[in-house]
Amino acid sequence: GENAVFTITGTPGDIVTYSGASTGTVTIEAGGAVDVTVNEANSNATLNVTKVTNGNCSVSLTRTATVTVNALPVAPTISTNTP
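Remember, it's a predicted structure, so these values are computed and weren't measured experimentally.

Caption draft 1: Quick peek at the overall build of the chain. Summing up its helical and strand segments, the chain has zero helices and six strands in all. Ordered by position from N to C terminus, the α and β elements of the chain give β-β-β-β-β-β. Relative to its length of 83 residues, the chain is extended, with a C-alpha radius of gyration of 19 Å against a globular reference of 12 Å. Projected onto the principal axes, the alpha-carbon positions of the chain cover approximately 80 × 25 × 15 Å. Per-residue burial for the chain yields a buried fraction of 22% across its 83 residues. Nonlocal contacts in the chain, meaning residues at least 24 apart in sequence, comprise 54% of its contacts between residues at least 6 apart. Surface accessibility of the chain: about 6000 Å² in total, with carbon and sulfur atoms responsible for 50%.

Written as structure tokens, this is what we have:
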């Protein structure tokens, strides 16, 4: 499967806690965004943002995003019938 990439945007320096297809924390980069990658997603991948911390202030969240993984098409089979 291909990687599922979630882009989280916010205030640079904020620490974001997430769970779901991947679990951990990331820090929003200077440009105001950070990517969370779920390697080789073979089925739909959901990421739940559960908390954002900025200094001493922490806010609980319930934000969810899903990357839908579509099945690869099946290639037709060619056979020959020789007389």
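Caption draft 2: Broad picture of the sheet that holds strand S2 (residues 15–20). Taken in spatial order, the four strands of this open sheet run S3-S2-S5-S6, and their pairing is antiparallel. Single-partner strands in this sheet number two, and they are strand S3 (24–27) and strand S6 (57–67). Averaged over all adjacent pairs, the angle separating strand axes in this sheet is 25°, with direction ignored.

Caption draft 3: Quick look at the nonpolar core. Residues Ala4, Phe6, Ile8, Val16, Val26, Val36 and Leu47 are the most contacted members of the largest nonpolar core, which totals 14 residues. Of all the secondary-structure elements, those providing two or more residues to this core are strand S1 (4–9), S2, strand S4 (33–38) and strand S5 (45–54). With residues near it in sequence (within four places) discarded, Ala4 still touches Val36, Thr37, Val38, Ala41, Ala45 and Val67.

Caption draft 4: Geometry of unusual backbone geometry. Positive phi, close to 50°, is recorded for Glu40, a residue that is not glycine. Its place among the elements puts Glu40 in the loop between S4 and S5.

Caption draft 5: Molecular detail of the environment of Val34. Note that Val34 resides in strand S4. Owing to a relative accessible area of 7%, Val34 belongs among the buried residues under this scheme. The spatial distance from the C-alpha of Val34 to the C-alpha of Thr9 is 6.5 Å, given a sequence separation of 25 residues. Aside from chain neighbours lying at most four places away, what touches Val34 is Phe6, Thr7, Ile8, Val26, Thr27, Ile28 and Glu29.

The rules behind the values
- Residues numbered from 1 in each chain as written.
- Predicted model: local features only at pLDDT ≥ 70, side-chain atom pairs only at ≥ 80, totals over all residues.
- Heavy atoms only, no water.
- Helix = DSSP H or I, 4+ residues; strand = E, 2+ residues; numbered from the N terminus.
- Rg over C-alpha atoms; globule rule 2.2 N^0.38 Å.
- Buried < 20%, exposed > 50% of the residue type's maximum accessible area, 1.4 Å probe, protein only.
- Contact = heavy atoms within 4.5 Å.
- Areas by Shrake-Rupley, 256 points an atom, 1.4 Å probe, with all protein chains shown as cover.
- Pairing = 2+ DSSP bridges.
- Axes fitted to C-alpha atoms, helices over the stretch in contact; angles between N-to-C directions.
- Core = buried A, V, L, I, M, F, W, Y, C linked by side-chain atoms within 4.5 Å.

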